[in-house]
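Now for the letters of each chain:
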Amino acid sequence: WYRDQESKSIKNCQQRNDWPKWKDAIEVELDSLSKQKVFGLVVCTPEGVKLVGYKWVFVQKLNENGKIVRYIAQLVAQRFSQDLTLILKKHIHL
């Protein structure tokens, strides 16, 4: 079971009582991206080239009783259609 979190930004998450759990989830995602070498050197962008934006998706994994068992934060490309189901499938077997 998963619940799409109403927090749609890091700033919003920082104002919540469960911020430490969201912060940990963000750090896990950034560590994973770093290990996969997703980020690289920053270079000058040629004129006319549009950069791909990003956004955070925040999800709570629930047990069968509806209790939160995991906080998931995922950084996704903003210009592409992101299906929440595909994001969640990544975490089903964890």
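Structure report, in brief. Source: prediction; values computed, not measured.

Direction of pairing for strand S2 (residues 54-62) relative to strand S3 (residues 68-77): antiparallel, over a ladder of nine bridges. Counterpart to Trp 56 in the pairing with S3 is Leu 75. Hairpin remark: S2 followed by S3, antiparallel, with five residues in the connecting loop; positive phi at Gly 66, about 85°.

The subject of this paragraph is a nonpolar patch on the surface. Taken together, the side chains of Leu 30, Val 38 and Phe 39 define a hydrophobic patch exposed on the protein surface, amounting to about 280 Å² of accessible area. As for its placement among the helices and strands, Phe 39 is situated in the loop between helix H2 (19-35) and S2. A residue is classified by how much of its surface remains accessible, and Phe 39, at 51% relative accessible area, is exposed.

What follows deals with the side chain of Asp 18. Tracing the sequence through the fold places Asp 18 in the loop between helix H1 (10-14) and H2. Asp 18 sits in the buried class, given a relative accessible area of 13%. A polar side-chain atom of Asp 18 sits 3.2 Å from a polar atom in the side chain of Tyr 71. Residues within four places of Asp 18 in sequence aside, it is in contact with Gln 60 and Tyr 71.

Tallying each qualifying case throughout the model produces one salt bridge. The partner of Asp 18 in a salt bridge is Arg 16, and the shortest N-O contact between them spans 3.0 Å.

The subject of this paragraph is H2. Taking 1.5 Å per residue as the helical rise, H2 with its 17 residues ought to reach 24 Å, and the 24 Å between its terminal C-alpha atoms agrees with that figure. Taken residue by residue, H2 has Trp 19, Trp 22, Ala 25, Ile 26, Glu 29 and Leu 33 as its buried positions. Looking straight down H2, one finds its buried side chains confined to an arc of 125°; they lie on one side. Relative to its buried face, H2 has exposed residues pointing more than 90 degrees away, namely Val 28 and Lys 35. Positive backbone phi, at 55°, marks Lys 37, one or two positions downstream of H2.

This brings us to the packing of aromatic side chains. Tallying each qualifying case throughout the model produces three aromatic pairs. A centroid spacing of 5.4 Å and a plane angle of 80° characterise the contact between Trp 22 and Phe 58, whose relative ring orientation is edge-to-face. Here Phe 58 lies in strand S2 and Trp 22 lies in helix H2, a separation of 36 residues in the sequence. Accessibility classification places Trp 22 together with Phe 58 in one group, the buried group. On the basis of an interplanar angle of 90° and a centroid distance of 4.6 Å, the ring pair of Trp 22 and Tyr 71 is categorised as edge-to-face. One end of the pair, Trp 22, is in helix H2; the other, Tyr 71, is in strand S3, and 49 residues separate them in sequence. Neither residue differs from the other here; Trp 22 and Tyr 71 are each classed as buried.

Conventions we followed
- Residues numbered from 1 in each chain as written.
- Predicted model: local features only at pLDDT ≥ 70, side-chain atom pairs only at ≥ 80, totals over all residues.
- Heavy atoms only, no water.
- Pairing = 2+ DSSP bridges.
- Helix = DSSP H or I, 4+ residues; strand = E, 2+ residues; numbered from the N terminus.
- Patch = residues over 30% accessible without salt bridge, like charges linked within 9 Å, V, L, I, M, F, W, Y side chains within 5 Å.
- Areas by Shrake-Rupley, 256 points an atom, 1.4 Å probe, with all protein chains shown as cover.
- Salt bridge = Lys/Arg side-chain N within 4 Å of Asp/Glu carboxyl O.
- Buried < 20%, exposed > 50% of the residue type's maximum accessible area, 1.4 Å probe, protein only.
- Polar contact = N/O pair within 3.5 Å; in protein donor to acceptor, adjacent residues only side chain to side chain.
- Contact = heavy atoms within 4.5 Å.
- Expected span 1.5 Å × (residues − 1).
- Arc of directions from axis to C-beta.
- Phe/Tyr/Trp six-rings, centres within 6.5 Å; stacked < 30°, edge-to-face > 60°.

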